[in-house]
Amino acid sequence: MRKNNTVLNPQSKNRKKVIRSIIQAVIVILLATILIRAIFLINKFEEETIPLINEDGFVALSYFGVSRGESPKYVSKGNLDKQLSLLEKQGYQTISQQDIIDFYEQGKRLPEKALYLSFEDGRTDSSIFAQKILEKLNYKATMYTYANKMDTKDTKFLKPKHLKLMEDSGFWELGSNGYRLTYINVFNDEGQSLGVIDENDVPDKMMIEYYNHYLMDFIRDEYMIPTETRAEMEARIATDYQLMHDIYTETLDEMPKAYAIMHANSLYNNMDSLVENANDQHIKELYKMHFNLEQDAYNESDADIYNLSRLQVSPYWSTNHLMMKIQQASNKNVEFEIGDSKLAEQWTLANGAAEFLNNEIILTSLPATEGTLFLKEAMPESYNFEFDFYGNVVGEQSIYINYDATTNSYIRVMLKDNEIIIYERQPNKQESEIERHMLAEVKWSGEDYAFNKATVYSYNDTQRGSRIDEEEYPRNLKNRRHLSLQVGRGEFKLTVDQELSANISINDTIQGGQIGFGASYSKKDTTHEQYADDIYDTVIENIKITDVEEQVIFTNQYTKFDRVKYNITTWFNSLVDFFIETF
């Protein structure tokens with residue numbers, strides 16, 4: 001019997017068209033609903049009656065921007081949601097700018113766990129991706145902007161009409177980063193002066209070795225000698241503050257109360273006293289408070305309202321990394337994210353914090369101390385062990401084998417700053433190095449990974465060449481390394497990606513039966529940055545441990561079904577985010 005040819009069967013063809021059109025219409029309606037919810041401010045902030053018992057201080061967090069997915073420059077909306085949701089869960093309540101003013105000027109108390117939340121640079125994506133999170137948590141935040149972006153055609157930045165709508169919703173207050181983002185006294189790594197460059201005109205940030213921001217110094221020549229008099233410097237700085245006042249009052253009908261100068265940590269800290277005085281005068285005339293520092297998350301009751309500190313949340317931080325920072329700054333215990341409790345029950349957390357999520361374990365160290373995590377189940381005499389390290393290149397990610405807690409003996413394989421180092425610790429002895437192997441260079445480029453190089457410097461500094469060692473990596477550069485260990489009696493074979501294969505002997509006195517992971521910051525990370533991070537996240541993915549008969553002892557790898565589900569969810573979220581970002 002001859003089958004019908006669809007091409008020659010118009011009824012069948014039309015039915016398929018109708019079905020396809022219905023499916024497309026459903027998708028469009030669904031996406032439209034999500035887009036409306038994401039873009040338009042249809043909810044209002046609800047004022048809550050909160051007990052005011054806090055006389056000590058408050059936590060201040062700041063985000064440069066929010067992206068739809070992972071980014072080296074901006075926190076993802078998923079991570080922002082996790083971080084703020086965990087803070088809300090443990091009782092943190094956002095406070096307003098007026099709450100801070102009343103706290104310092106009138107001694108008015110704050111909520112027990114007070115949080116000042118802010119976003120900088122006035123980016124549109126920050127508003128879009130943060131809005132629904134603020135609504136869900138009933139949180140309030142400050143959006144800092146540059147005054148000269150108020151009339152720009154660049155859609156990356158919020159316009160006055162958007163800012164007014166945000167302010168009317170009650171979820172947002174307005175703040176200022178200043179008039180412009182312009183660099184002065186710029187030098188490249190060859191010691192050549194590039195003068196004054198606006199942010200939009202920088203040809204390649206990777207070529208800039210020394211620079212300062214517009215309000216932070218005299219304008220100087222190639223020998224770092226001022227090219228302007230004190231009066232000219234004061235007039236230049238006064239012009240910027242006057243422009244701030246004029247633009248904000250004209251476009252927003254008011255001056256923002258809060259200010260965060262660029263760049264942070266310079267004012268009142270080793271800058272030219274004449275320039276400092278000029279800024280200080282105008283700041284106190286125009287603004288009610290000033291977040292000048294980026295050092296700590298906590299502001300105590302005796303802090304200066306014009307020299308407040310906020311913690312800049314780095315995009316590469318895990319949720320527990322942020323919690324650890326808050327605990328470090330406030331000296332108050334916080335709650336850490338655990339994730340999958342069933343997976344967590346199979347491990348012993350000896351130090352730090354650990355989050356178990358799908359095929360991933362994120363082990364976060366305590367400040368300046370290694371975080372350690374051990375699998376409870378003992379290993380057989382011989383077994384195979386594979387996993388991926390996916391933490392930042394600059395750091396210490398370790399795997400422990402043959403670990404014995406009683407004698408504190410073990411073999412440790414450490415991935416440190418792109419180098420494999422193997423240690424052993426015999427019972428009741430000190431750890432000693434067995435061997436090390438440098439791995440192939442990790443390729444990276446682009447301004448997304450540029451070092452933070454704004455500083456106070458002299459002419460001699462500019463002529464010494466690059467301050468950054470060519471072999472160093474930026475602190476926010478992630479890289480995946482696949483490690484495989486075949487452990488047997490008296491030795492193990494280590495394979496790293498396709499480039500390293502080594503057989504290592506195990507001392508007969510090291511007889512423990514546990515495996516574990518370690519996380520610690522790279523000690524050389526403190527040599528080039530004043531505020532280097534001493535907390536580190538080891539990221540371990542796709543663990544699989546099997547015995548010699550290939551029976552699984554432990555795994556957190558995706559099943560086929562979970563992988564398909566994950567891919568579909570990721571695809572759909574990317575599609576929605578694409579529409580939000582594009583339209």
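**Student:** Now, about unusual backbone geometry: what can you tell me, with residues and values included?
**Tutor:** Omega for the peptide link from Met262 to His263 comes to 5°, which places this bond in the cis form. Looking at the secondary structure, you find His263 in the loop between β13 (258-259) and α7 (273-286). Backbone geometry places Met224, a non-glycine residue, at a positive phi of 65°. Exposure remark for Met224: the relative accessible area of 9% places this residue in the buried category. One non-glycine residue with positive phi stands out, namely Asp253, at about 70°. Residue placement: Asp253 occurs in the loop between α6 (230-251) and β13. Exposure remark for Asp253: the relative accessible area of 58% places this residue in the exposed category.

**Student:** I'd like to hear about the side chain of Asn188, residue by residue, with values.
**Tutor:** Looking at where Asn188 falls in the secondary structure, it is placed in strand β10 (residues 182-188). A polar contact is formed between the side chain of Asn188 and the backbone nitrogen of Glu190, at a distance of 2.9 Å. Polar side-chain contacts of Asn188 include one of 2.8 Å to the side chain of Gln192.

**Student:** I'd like a description of the pattern of salt bridges, backed by residues and values.
**Tutor:** Under the defined criterion, the tally for this structure stands at 29 salt bridges. Note that Asp280 is salt-bridged to Lys284, the shortest N-O span being 3.2 Å. Of this pair, Asp280 and Lys284 both sit in helix α7, four residues apart, which is roughly one turn of the helix. By relative accessible area, Lys284 is classed as partly exposed at 42%. Where salt bridges share partners, they join Glu120, Glu294 and Arg310 into one cluster.

**Student:** An account of the sheet that holds β10 is requested, with residue identities and associated values reported.
**Tutor:** The strand order across the open sheet built from three strands is β11-β10-β12, with neighbouring strands paired in antiparallel fashion. What marks the edges here is a single partner per strand, and that holds for β11 (193-198) and β12 (208-213). Here the strands of the sheet are splayed against their neighbours by 25° on average, with no regard to which way each runs. Here β10 runs beside β12; their pairing, made up of four bridges, is antiparallel.

**Student:** Provide a residue-level description of the packing of aromatic side chains, including the pertinent values.
**Tutor:** In the structure shown here, the tally under the stated rule is 24 aromatic pairs. Seen in terms of ring centroids, Phe45 and Phe171 are 5.7 Å apart; in terms of plane orientation they differ by 90°. Their pairing is edge-to-face. Of this pair, Phe45 sits in the loop between α1 (10-39) and β1 (52-54) while Phe171 sits in the loop between α5 (160-169) and β9 (172-178), placing them 126 residues apart in sequence. Like Phe171, Phe45 is buried. Look at Phe374 and Tyr400: their rings are 5.9 Å apart centre to centre, the planes differ by 55°, and that puts the pair in the tilted class. Of this pair, Phe374 sits in strand β21 (residues 371-375) while Tyr400 sits in strand β23 (residues 396-404), and the two are 26 residues apart along the sequence. Grouping aromatic residues by their ring pairs yields a cluster made of Trp347, Phe385, Phe387, Phe389, Phe517 and Phe554. Cation over ring: Arg412 sits above Tyr423, and NZ or CZ is 5.3 Å from the ring centre. Note that Arg480 overlies the ring of Tyr390, its terminal NZ or CZ placed 4.2 Å from the centroid.

About the cut-offs
- In this numbering scheme, every chain counts its residues from 1 along its sequence in written order.
- Where local features are concerned, this predicted model is filtered to residues with pLDDT of at least 70; where side-chain atom pairs are given and counted, the filter is 80 or more; whole-chain, interface and lining totals use all residues.
- By convention in this description, side-chain values take in all heavy atoms of the structure and omit both hydrogens and water.
- Secondary structure elements follow DSSP: runs of H or I of four or more residues count as helices, runs of E of two or more count as strands, with numbering from the N terminus.
- Any residue under 20% of the maximum accessible area for its type is buried, any over 50% is exposed, and the rest in between are partly exposed; the area is computed with a 1.4 Å probe on protein chains only.
- Here a polar contact is recorded for every N or O atom pair within 3.5 Å, except that within protein the pair must consist of a potential hydrogen donor and a potential acceptor, and residues adjacent in sequence are included only if both atoms are side-chain atoms.
- Think of a salt bridge as a Lys or Arg side-chain nitrogen and an Asp or Glu carboxyl oxygen that are within 4 Å of each other.
- Here, strands pair whenever DSSP counts at least two bridges between them.
- Axis definition: a line fitted to C-alpha atoms, limited for helices to the stretch in contact. Angles are taken between N-to-C directions and run from 0 to 180 degrees.
- Classification of ring pairs rests on two measures: the distance between centres of Phe, Tyr or Trp rings, Trp counted by its six-membered ring, which must be within 6.5 Å, and the angle between planes, read as stacked under 30 degrees, edge-to-face over 60 and tilted in between.
- We call a charge positioned above a ring when the Lys NZ or Arg CZ atom is no farther than 6 Å from the ring centre and deviates by at most 35 degrees from the ring normal.

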